[in-house]
Amino acid sequence: MARDWSSFYQATDGGLPRRTLLKALDLLESKGSVGFAVDLGCGAGRDTFELLRRGWGVLAIDGESEALQRLKDSGDRPRQTRLEVRLARFEDPDFALPTCDLVNASFSTPFCARPAFDRLWHQIWTSLRPGGCFAGQLLGQRDSWAGQAGITAFDQTELRDLCIGKQVVSCEEVEEDSTTVRGTPKHWHFYHLVLRKPQEPQA
């Protein structure tokens with residue numbers, strides 16, 4: 001499936017941060033935690049900028065150099081000191097994540113084909129500190145993109161398996177006929193997820 005990322009960035013530039021990210025941030029910050037986040041598939045930066053605004057350090061990762069250049073050209077120099085960028089694709093065999101408090105993946109992991117997704121999912125939970133959160137979306141089986149090359153989607157049993165060993169803070173299923181950000185008609189089926197890595201048991 002060919003993807004025009006440049007027009008996607010233009011359509012989403014200046015958009016509000018995702019509700020999943022805000023929910024994860026409110027949870028973490030309620031415990032006094034403002035730390036280091038990884039924004040997977042940062043795109044035009046709608047979530048990266050919110051993290052920076054709230055005082056977080058951020059590693060923004062995207063497979064398109066245009067996305068990262070947009071972040072670097074944002075002009076907010078004080079906040080840029082807390083921003084790192086990395087050009088990388090999830091499928092790269094040497095792809096790795098640093099230790100962090102939050103992994104945000106707003107509509108990005110569906111574009112990671114299996115088995116690369118399975119490696120990425122494992123890395124996310126290995127990289128998160130105890131008590132850290134994942135915020136993002138996964139596609140459901142009935143989404144019109146499901147089954148296309150390079151797209152990963154899940155049925156409810158597979159989704160439950162992915163959540164084993166995690167605290168489910170929020171899981172909202174959405175299925176509707178709507179459009180993409182470019183106005184193309186589409187049948188959507190996806191899950192808004194906020195998951196938390198359990199705290200290590202105290203000695």
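What you see is a predicted model; the values in this text were computed from it and never measured.

Calculation notes
Residues numbered from 1 in each chain as written. Predicted model: local features only at pLDDT ≥ 70, side-chain atom pairs only at ≥ 80, totals over all residues. Heavy atoms only, no water. Helix = DSSP H or I, 4+ residues; strand = E, 2+ residues; numbered from the N terminus. Expected span 1.5 Å × (residues − 1). Buried < 20%, exposed > 50% of the residue type's maximum accessible area, 1.4 Å probe, protein only. Contact = heavy atoms within 4.5 Å. Core = buried A, V, L, I, M, F, W, Y, C linked by side-chain atoms within 4.5 Å. Salt bridge = Lys/Arg side-chain N within 4 Å of Asp/Glu carboxyl O.

Trainee: Requested: an account of helix α2 (residues 19–30), with residues and values cited.
Mentor: The end-to-end C-alpha separation of α2 is 16 Å, in line with the 16 Å expected for twelve residues at 1.5 Å each. Directly after α2, the chain includes Gly 32, whose backbone phi takes a positive value near 80°.

Trainee: Please set out the environment of Ser 108 residue by residue, giving values where relevant.
Mentor: For Ser 108, the location among the structural elements is in the loop between β4 (100–105) and α6 (116–127). By relative accessible area, Ser 108 is classed as buried at 7%. Once the C-alpha coordinates of Ser 108 and Glu 173 are considered, the two residues, 65 residues apart in sequence, prove to be 17 Å apart. Among residues more than four places away in sequence, those in contact with Ser 108 are Leu 40, Gly 41 and Phe 90.

Trainee: With reference to specific residues and values, describe the nonpolar core.
Mentor: The nonpolar side chains of a soluble globular protein tend to be buried, and buried together. If you look at the biggest cluster of nonpolar residues, it comprises 28 residues, and the most contacted ones within it are Leu 40, Ile 124 and Phe 134. If you list the elements that add at least two residues to this core, you get β1 (36–40), β2 (57–62), β4, α6, β5 (128–140), α7 (156–162) and β8 (185–196). Tallying contributions element by element places α6 first for this core, with six residues. Counting residues in each nonpolar core, the second largest holds 19 residues, with Leu 25, Val 58, Leu 71 and Leu 83 among its members.

Trainee: Lay out the pattern of salt bridges in plain terms, naming residues and giving numbers.
Mentor: This structure, assessed with the given rule, holds 13 salt bridges. A salt bridge links Asp 26 to Arg 54; the shortest N-O distance between them is 2.9 Å. Taken together, the residues Asp 26 in helix α2 and Arg 54 in the loop between α3 (46–53) and β2 connect sequence positions 28 residues apart. Given the relative accessible area of 46%, Asp 26 is considered partly exposed. Sharing partners across several salt bridges, the network here consists of Asp 26, Glu 29, Glu 50, Arg 53 and Arg 54.

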